[in-house]
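Survey of secondary and tertiary structure
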Amino acid sequence: MAERQINGRKNDPARTQEDILEVATEEFSTHGLAGARVDAIAEKTRTSKRMIYYYFGSKEALYLAVLERSYRKIRTLEADLALANLPPEQALRTLIATTFDHDEANPDFVRLVSIENIHHAAHMLRSEAIRELNVSVIQTIDAIVQRGLADGTFRRKADPIDIHMLISAFCFFRVSNRYTFGTIFRRDLSEPATIGRHRTMIADAVVSYLKDEEGGESRQ
């Protein structure tokens, strides 16, 4: 990433912090918590370690701030969709497409979450902000499902956390395992036709699951 210009930024601490967070996102997602260097972040933002520690307190606190910013980004995207104004199936497909496109366009987010899982979510456990941020997506999914049940679009009373996991699992996996999966099966997951097919596939799978009556698997 090119070094950032900060001329005239001395009296704009919010912009300075945002620049630090953007560069730190790349540093942590590329090198992990242990391998990331605050010196490198300071150099690329043309600030100093002292300034970074002044704003964030420690390397671990900066890493946590990066995680919080990454989750806030996807949750903000979802909040801007105005899904309550759409019919249930369209709302759900729009939410799924947004998750899919976000993960596809933000592999740094996928790497950061993978890194935090390596640490058993030890840092995330200290963040009330991340817990609060992620309540919204569950509430959104629950509202869509309830509307769909009420108007007959859906038949299954699904747990919204299960639905969120189903969506996230597919969207996340195809980015996190792109290179290993692609190497094993000789399939380029970044090929446009594959992206389009997968984008439709996950939406169809979730909608079909919700349209199937509970226990429908056994009705043969």
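Parameters and conventions
Residues numbered from 1 in each chain as written. Predicted model: local features only at pLDDT ≥ 70, side-chain atom pairs only at ≥ 80, totals over all residues. Heavy atoms only, no water. Salt bridge = Lys/Arg side-chain N within 4 Å of Asp/Glu carboxyl O. Helix = DSSP H or I, 4+ residues; strand = E, 2+ residues; numbered from the N terminus. Buried < 20%, exposed > 50% of the residue type's maximum accessible area, 1.4 Å probe, protein only. Patch = residues over 30% accessible without salt bridge, like charges linked within 9 Å, V, L, I, M, F, W, Y side chains within 5 Å. Areas by Shrake-Rupley, 256 points an atom, 1.4 Å probe, with all protein chains shown as cover. Core = buried A, V, L, I, M, F, W, Y, C linked by side-chain atoms within 4.5 Å. Contact = heavy atoms within 4.5 Å. Expected span 1.5 Å × (residues − 1). Lys, Arg positive; Asp, Glu negative; His and termini not counted. UniProt positions renumbered as here; feature names shortened; annotations may be inferred. 1 Å grid on protein atoms, 1.4 Å probe; cavity = no way out; pocket = protein on both sides within 12 Å on 5 of 7 lines; lining within 4 Å. Points joined across faces, edges and corners; volume = space filled by probe spheres on them.

1. Section: the pattern of salt bridges
Counting across every chain of the model gives 15 salt bridges. Residue Glu78 pairs with Arg75 through a salt bridge whose shortest N-O separation is 2.6 Å. Of this pair, Glu78 and Arg75 are both found in helix α4 (residues 59-79), 3 residues apart, which corresponds to roughly one turn of the helix. Residue Glu78 shares its accessibility class with Arg75, and that shared class is buried.

2. A few points about a nonpolar patch on the surface
Where nonpolar side chains cluster on the molecular surface, the patch consists of Phe173, Phe181, Ile184 and Phe185 and spans about 410 Å² of accessible area. Element by element, the count of residues in the nonpolar patch is highest for helix α9 (residues 178-185), at 3 residues. Structurally, Phe181 can be placed in helix α9. Given the relative accessible area of 31%, Phe181 is considered partly exposed.

3. Structural notes on the nonpolar core
With 28 residues, the main nonpolar core has Phe28, Ile41, Ile52, Phe56, Leu62, Tyr63 and Tyr71 as its most contacted residues. The leading source of residues in this core is α4, at 7 residues. Setting aside anything within four residues of it in sequence, one finds Phe28 in contact with Leu33, Ala36, Ile41, Lys59, Leu62, Tyr63, Val66, Leu112 and Ile115.

4. Overview of helix α6 (residues 107-118)
With 12 residues, α6 ought to run about 16 Å at 1.5 Å a step, and its terminal C-alpha atoms sit 17 Å apart, in line with that. Listing the buried residues of α6 in full gives Phe109, Val110, Leu112, Val113, Ile115 and Glu116. Contact partners of the buried residues in α6: α1 (13-35), α4, α5 (88-105) and α8 (160-176). Count one or two residues on from α6 and you reach His120, which has phi positive near 60 degrees.

5. Remarks on the side chain of Glu68
Here Glu68 shows up in helix α4. For Glu68, which is buried and forms no salt bridge, the nearest opposite charge comes from Arg72, at a distance of 4.8 Å. Beyond its immediate sequence surroundings of up to four residues, Glu68 is in contact with Ser127, Ala129, Ile130 and Leu133.

6. A closer look at the UniProt feature "domain: HTH tetR-type" (unreviewed entry) in the protein
Here the UniProt feature "domain: HTH tetR-type" (unreviewed entry) sits at residues 14-74. With 89% helix and 0% strand, residues 14-74 has its two end C-alpha atoms placed 20 Å apart.

7. A short note on empty space enclosed by the protein
Here the idea is plain: a probe the size of a water molecule rolls over the atoms and shows the empty space left. The full count for this structure, using the stated rule, is 1 cavity of 30 Å³ or more. By volume, the largest cavity is sized at about 30 Å³. Taken together, Glu78, Leu95, Thr99, Val137, His164, Ile167 and Ser168 make up the full set of residues lining the largest cavity. Every element with two or more residues in the lining of the largest cavity is listed here: α5 and α8. Looking at which element gives the most residues to the lining of the largest cavity, the answer is α8, with 3 residues.

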